[in-house]
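# Chains, contacts and geometry: an overview
Listed here are the chains, written in short residue letters.
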Amino acid sequence: MKTIILAACAAITLTGATFAQEAPDTLVTILTAPEPQTQLMAMVLAMQAAQQGAAPHILLCGPAGDIALKDAPESATAPQPPRDMSPKGLLGKIAEIPNAKVEVCAIYLPGKGLMADVLMDGVTVAQPPAMAAAMIAPNARIASY
């Protein structure tokens, strides 16, 4: 009986260790969704993670890259309920966070025939090796929309 109790305690201890993970240093958000509500919610969650201590690293690809344009489409700038915030507006606030990175996919601008000067302040073009390293970093989490 004592052996069974010790085995059960050991199993609980080992299982508990898998659940007691540290908070991530970085939240890598990969956003491709074209819908303004999805884009805004991705920014809300990235901002919330930043307020809880995680460095936001946002990668915008495909239609989501449009929210990083200086001259963004109305879908990126139109206020969304319930707080009348737009995806681009919140992205701009995230880009101002000292440890934040906001990038568009390396193929986004060439695919649109544009140069980096069309991007809003604080947004750069991702380098695939660096982005891959950020994604596989030991203390990073990935959110994809």
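Above this text sits the structure in question.
Bear in mind the structure is a predicted one, so any value in this text is a computation, not a measurement.

Conventions and cut-offs
- Residues numbered from 1 in each chain as written.
- Predicted model: local features only at pLDDT ≥ 70, side-chain atom pairs only at ≥ 80, totals over all residues.
- Heavy atoms only, no water.
- Buried < 20%, exposed > 50% of the residue type's maximum accessible area, 1.4 Å probe, protein only.
- Helix = DSSP H or I, 4+ residues; strand = E, 2+ residues; numbered from the N terminus.
- Pairing = 2+ DSSP bridges.
- Right-handed = clockwise from strand over helix to strand, strands pointing away.
- Axes fitted to C-alpha atoms, helices over the stretch in contact; angles between N-to-C directions.
- Parallel < 35°, antiparallel > 145°, perpendicular 65-115°, else oblique.
- Left-handed = near helix turned anticlockwise from the far one by under 90°.
- Contact = heavy atoms within 4.5 Å.
- Nonpolar A, V, L, I, M, F, W, Y, C, P; charged D, E, K, R; others polar.
- Expected span 1.5 Å × (residues − 1).
- Polar contact = N/O pair within 3.5 Å; in protein donor to acceptor, adjacent residues only side chain to side chain.

### Considering the pairing of strand E1 (residues 26-31)
Of all six residues that make up E1, five are buried, and the element is covered over most of its length. Examined bridge by bridge, E1 and strand E2 (residues 55-60) share six bridges and lie parallel to one another. When the bridges of E2 are listed, leucine 31 appears paired with leucine 60. One crossover worth recording links E1 to the parallel E2 by way of helix H2 (residues 36-51), and it is right-handed. Sheet topology note: the E1/strand E5 (residues 140-144) ladder contains five bridges and is parallel.

### Description of the packing of H2 against helix H4 (residues 87-95)
The geometry of H2 relative to H4 is characterised by a closest axis approach of 9 Å and an angle of 20 degrees between their N-to-C directions. Here H4 runs roughly parallel to H2, going by the angle between their axes. You can see that H2 and H4 cross each other, and the crossing is left-handed. Together, Pro36, Gln39, Leu40, Met43, Val44, Ala46 and Met47 of H2 and Pro87, Leu90, Leu91, Lys93 and Ile94 of H4 make up the contact between the two elements. Considering only residue class, the contact of H2 with H4 consists of 10 nonpolar, one polar and one charged.

### Some thoughts on H2
The first and last C-alpha atoms of H2 sit 22 Å apart over 16 residues, in line with the 22 Å expected at 1.5 Å per residue. By the burial criterion, the buried members of H2 are Gln39, Leu40, Ala42, Met43, Ala46, Met47, Ala49 and Ala50. Next to the buried residues of H2 lie E1, E2 and H4. Two residues or fewer past H2, glycine 53 is found with a positive phi of approximately 105 degrees.

### Side note on the environment of lysine 88
As for its position among the elements, lysine 88 is in helix H4. Sequence-distant contacts of lysine 88, defined by excluding residues within four places in its chain, comprise Ile67, Leu69, Lys70, Asp71, Ala72, Ala76, Thr77 and Met120. A polar side-chain atom of lysine 88 sits 2.8 Å from the main-chain carbonyl oxygen of lysine 70.

These values are about where atoms sit, not about what they do.
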